[in-house]
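Descriptive analysis of the structure
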2 protein chains.
Amino acid sequence: MAETLTHIPQSTHPNLLVGFNQADDAGVYKINETQALVQTVDFFPPIVDDPYQFGRIAAANALSDVYAMGGKPLTALNIVAFPSNDLPPYILSETLRGGGEKVAEAGAVVVGGHSIKDKEMKYGIAVTGIVDPNRIITNGGAKTGDILYLTKPLGTGIVTTAIKRNAVDQTLITQVTELMAELNKTASEIMVKFNVKAATDITGFGLLGHIFEMADASNVTIRLFADKLPLFPEVLRLADEGMIPGGAKSNREYLTDKVTIADSVDENIEHVMYDPQTSGGLLIAVPKERAEEFERELAKQDAFGRKVGQIEKKADPAIIVE
Amino acid sequence: MAETLTHIPQSTHPNLLVGFNQADDAGVYKINETQALVQTVDFFPPIVDDPYQFGRIAAANALSDVYAMGGKPLTALNIVAFPSNDLPPYILSETLRGGGEKVAEAGAVVVGGHSIKDKEMKYGIAVTGIVDPNRIITNGGAKTGDILYLTKPLGTGIVTTAIKRNAVDQTLITQVTELMAELNKTASEIMVKFNVKAATDITGFGLLGHIFEMADASNVTIRLFADKLPLFPEVLRLADEGMIPGGAKSNREYLTDKVTIADSVDENIEHVMYDPQTSGGLLIAVPKERAEEFERELAKQDAFGRKVGQIEKKADPAIIVE
């Protein structure tokens, strides 16, 4: 989206608190003094064979943008393109069932949708959440000294590429499917409770791409600890075997002059850092004095979270990986 | 949508005032005592050659669902599928410019969107409007005695079919484009002011299809006056020449046992009544005692509106055309 739409005039409106010109996860529109809408849309072709699982993943992925901004999802609209001449109807109903379950798990409800006949299937949702306009979490709120947490392991792009090449067993398929279908709900609720100011979710631009956006929007430099990154099982081996999705290359090219990576960092870890994620974790910047307490709260609520870096005073480059 | 999704479980939620199981124009979700969200999404492939005009039409068409329920549009999310290898970028930017202009004309703002690469272009928007939860206008609120108004002339399906077959001149193309790009804003604001209870907008199911939905949801019979229907210029001639879109046939089949049409009604008028409309007018049921005043207000504000029928006590069939 960011790339495609930069050539059209950006929208402005007195109630628009966060627009898409800010490269943030979702738009935010104030409707009264205590409520603002957090809105986002995402849809794509199936990335796993099982339509029910695809529906779960697509919905979790779209909901994640609302969670990244500290919002509570309220409603969803189904976006469907379906080749009804080529695929049996249960493919669609299973997809919608999976998506609907995730919407319900988020405490939201499907209020409508639109489907068209198409050559290739696509599914996703437009999500509306609600947030206190005085407590919106954006990628621009990170402060020097903050500790950076990541709430899901990395490598879904590499693993799904390996799945497409029939290079992984069913156990790994099941694991990565569950990971992508997992909501960022608990981590989001905890960061709201801790009054965190900065977060984003890791998706198509990969870890480094989204970290760059946070560094840029927050006017800081971000230091990452490569050996602290949580990795999905077998992902380094799969990267080593060349299971690198196409998007990783463009992420790397875009970031070439924006990141310095220490020589000691393994080449396959680099691949993981550029790997486009589907329904990845939240990247949360927590003030240092509350970081330990935040970590304990994640653990207490059985939510995954790993300290991966820290926010530093702006320097050149925007990202340092050591 | 109605057809595709009937086989999946319907959503329920205490705040969901109108869901898509009610075959209404948009879903309505209450967020506080005085505000409810009205939400809808629509997107489709280009129906006119000019991308700017296509954008205007697609946006007006989606916004219409919010207007049909008496809502005020607040935000829009762009839904884009674009063959970036086959079409020049200006096609997309012109489409988004046209759509954005209509969103702005509605007083709303584009807060984000999603675009994917696809073989065939599609564009549309997900719209969120706001409505007083105590004053939602649905297709189920029509009462015996109400007078039925239609706010745009009929025949856009027939004319666009003729355009595809190169059978119309530029003047007619311009006229039908303007008609489809026109917002139902003024008529909607007037019906809200008049505290109207029942309305819908005329789109893919054609005049009779949407009238049936209103009759069914309101538990009434609707009488239509064929000679009062406002028609787009040359539409009867084009229908007579066989410019009938595919959707008209399925509309007719679906309604076969639900409508009685007098023998005196011209066959080409019948074609128009089944004709799927893009961004058609509002069909508004106004209490009889306020109908004349309503009509004067439309005229005063330069808004088109034609008396086309009346609501009667439920009988069999649901629709009588005389």
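Above this text sits the structure in question.
Predicted model, so just to flag it, every value in this text is computed and none were measured.

On to the sheet that holds strand β10 (residues 259-261) of chain A, then. Residue and element names in this part refer to chain A. Here seven strands make up an open sheet; going across it, the order is β8-β11-β7-β12-β9-β13-β10 and the pairing mixed. Edge positions in the sheet fall to β8 (198-201) and β10, since each has one partner strand and no second. With direction set aside, neighbouring strand axes in the sheet form an average angle of 20 degrees. Sheet topology places strand β7 (residues 147-150) next to strand β12 (residues 306-312); four bridges connect them, and they run antiparallel. From the neighbouring strand, I147 faces β12, where its bridge partner is Q310.

With that out of the way, let us pick up the packing of aromatic side chains. All names here are of chain A. Overall, the coordinates contain 10 aromatic pairs over all chains when judged by the stated rule. With a centroid separation of 6.1 Å and an interplanar angle of 75 degrees, the aromatic rings of F54 and Y123 are classed as edge-to-face. Remark: Y123 occurs in strand β6 (residues 122-131) and F54 occurs in helix α2 (residues 51-68); sequence separation between them is 69 residues. Relative to F294, the ring of Y149 lies with its centre 5.2 Å away and its plane at 55 degrees, an arrangement referred to as tilted. Taken together, the residues span a long stretch of sequence, with Y149 in strand β7 and F294 in helix α11 (residues 288-300) at a distance of 145 residues. The pair Y149 / F294 is uniform in exposure class, with both members buried. Clustering of aromatic rings is evident, with ring pairs tying together F44, F54 and Y123.

Attention now moves to the pattern of salt bridges. Residue and element names in this part refer to chain A. Enumeration over the complete set of coordinates arrives at 34 salt bridges over all chains. The residue E270 makes a salt bridge to R252 at a minimum N-O spacing of 3.1 Å. Of this pair, E270 sits in helix α10 (residues 267-274) while R252 sits in helix α9 (residues 246-255), and the two are 18 residues apart along the sequence. Classification of E270 by relative accessible area gives buried; the value is 18%.

Right, let's get into the nonpolar core. B:I125, B:L148, B:L207, B:L208, B:M273, B:L283 and B:V321 are the most contacted members of the largest nonpolar core, which totals 84 residues. Looking at which domains feed residues into this core, each of domain 1 (2-131) and domain 2 (147-321) of chain B supplies at least three.

This next bit is on the interface of chain B and chain A. Taken together, the contact pairs 47 residues of chain B with 47 residues of chain A. Of the roughly 4100 Å² buried between chain B and chain A, counting both surfaces, carbon and sulfur atoms make up 70%. Between the two partners, chain B and chain A, sit two salt bridges. Note that B:D118 is salt-bridged to A:K122, the shortest N-O span being 2.7 Å.

A word on the sheet that holds strand β6 (residues 122-131) of chain B. Residue and element names in this part refer to chain B. Taken in spatial order, the six strands make up an open sheet running β1-β2-β3-β6-β4-β5, and their pairing is mixed. Here the strands that pair on one side only, and so sit at the sheet edges, are β1 (16-18) and β5 (109-117). Across the sheet, the mean angle from the axis of one strand to that of its neighbour is 20 degrees, orientation sign disregarded. Relative to β6, strand β3 (residues 36-44) is paired through nine bridges, and the arrangement is antiparallel. Opposite F43, over in β6, you have G124 as the bridge partner. Across the sheet, helix α2 (residues 51-68) touches β3, β4 (72-82) and β6, and the angle it forms with β6 is around 30 degrees. Here helix α3 (residues 89-105) sits on the sheet and contacts β4, β5 and β6; the angle it forms with β4, its principal contact strand, is near 170 degrees.

The subject of this paragraph is helix α7 (residues 206-218) of chain A. Side chains of residues three or four places apart in an α-helix project in the same direction, reflecting 3.6 residues per turn. Residues and elements named next belong to chain A. For α7, spanning 13 residues, the distance from its first C-alpha to its last is 18 Å, which sits close to the expected 18 Å at 1.5 Å a residue. Burial within α7 is extensive, with 11 of its 13 residues counted as buried. Looking at α7, one finds that the buried residues are G206, L207, L208, G209, H210, I211, F212, E213, M214, A215 and S218.

Residue and element names in this part refer to chain B. Along β3, nine of the nine residues are buried, which leaves the element largely enclosed by surrounding structure. Burial of β3 is two-sided: the residues A36, V38, T40, D42 and F44 facing one way and the residues L37, Q39, V41 and F43 facing the other way are all buried. Of the pairings in the sheet, the one linking strand β2 (residues 27-30) to β3 comprises four bridges and is antiparallel in character. In the strand pairing of β3, G27 is matched with Q39. Linking two consecutive strands that pair antiparallel, namely β2 and β3, is a turn of five residues.

Another aspect to go through is the side chain of B:D275. Residue and element names in this part refer to chain B. Mapping D275 onto the fold places it in the loop between α10 (267-274) and β11 (282-286). Polar side-chain contacts of D275 include one of 3.1 Å to the backbone nitrogen of I158. Setting aside anything within four residues of it in sequence, one finds D275 in contact with G155, T156, G157, I158, G206, L207, P245 and A248.

The next subject is the packing of α2(A) against helix α3 (residues 89-105) of chain A. Residue and element names in this part refer to chain A. α3 packs onto α2 with a crossing angle of 40 degrees between their chain directions and a minimal axis gap of 7 Å. As summarised for this structure, α2 and α3 are arranged oblique, according to the angle between their axes. Where α2 crosses over α3, the two elements pack in a sense that is right-handed. Of the residues in α3, those in contact with P51, Y52, F54, G55, R56, A59, A60 and L63 of α2 are Y90, I91, E94, T95, R97, G98, G99, E101, K102 and V103. Its residues assigned to classes, the contact of α2 with α3 shows nine nonpolar, four polar and five charged.

To continue, consider the relation of the copies chain B and chain A. Superposing chain B onto chain A takes a rotation of 180 degrees combined with a translation of 0.0 Å along the rotation axis, leaving an RMSD of 0.0 Å. What we have between these two chains is a two-fold relation. In terms of proximity to the rotation axis, the leading residue of chain B is B:A126, whose C-alpha is 3.6 Å off the axis. Same-surface contact between copies: 100% of interface residues of chain B are shared with the interface of chain A.

Parameters at a glance
Residues numbered from 1 in each chain as written. Chains lettered and ligands numbered in written order. Predicted model: local features only at pLDDT ≥ 70, side-chain atom pairs only at ≥ 80, totals over all residues. Heavy atoms only, no water. Pairing = 2+ DSSP bridges. Helix = DSSP H or I, 4+ residues; strand = E, 2+ residues; numbered from the N terminus. Axes fitted to C-alpha atoms, helices over the stretch in contact; angles between N-to-C directions. Phe/Tyr/Trp six-rings, centres within 6.5 Å; stacked < 30°, edge-to-face > 60°. Buried < 20%, exposed > 50% of the residue type's maximum accessible area, 1.4 Å probe, protein only. Salt bridge = Lys/Arg side-chain N within 4 Å of Asp/Glu carboxyl O. Core = buried A, V, L, I, M, F, W, Y, C linked by side-chain atoms within 4.5 Å. Domains from an automatic or database assignment. Contact = heavy atoms within 4.5 Å. Buried area = accessible area lost by both parts, 1.4 Å probe. Expected span 1.5 Å × (residues − 1). Polar contact = N/O pair within 3.5 Å; in protein donor to acceptor, adjacent residues only side chain to side chain. Parallel < 35°, antiparallel > 145°, perpendicular 65-115°, else oblique. Left-handed = near helix turned anticlockwise from the far one by under 90°. Nonpolar A, V, L, I, M, F, W, Y, C, P; charged D, E, K, R; others polar. Least-squares fit on C-alpha atoms with pLDDT ≥ 70 in both.

So yeah, pure geometry; function would need other evidence.
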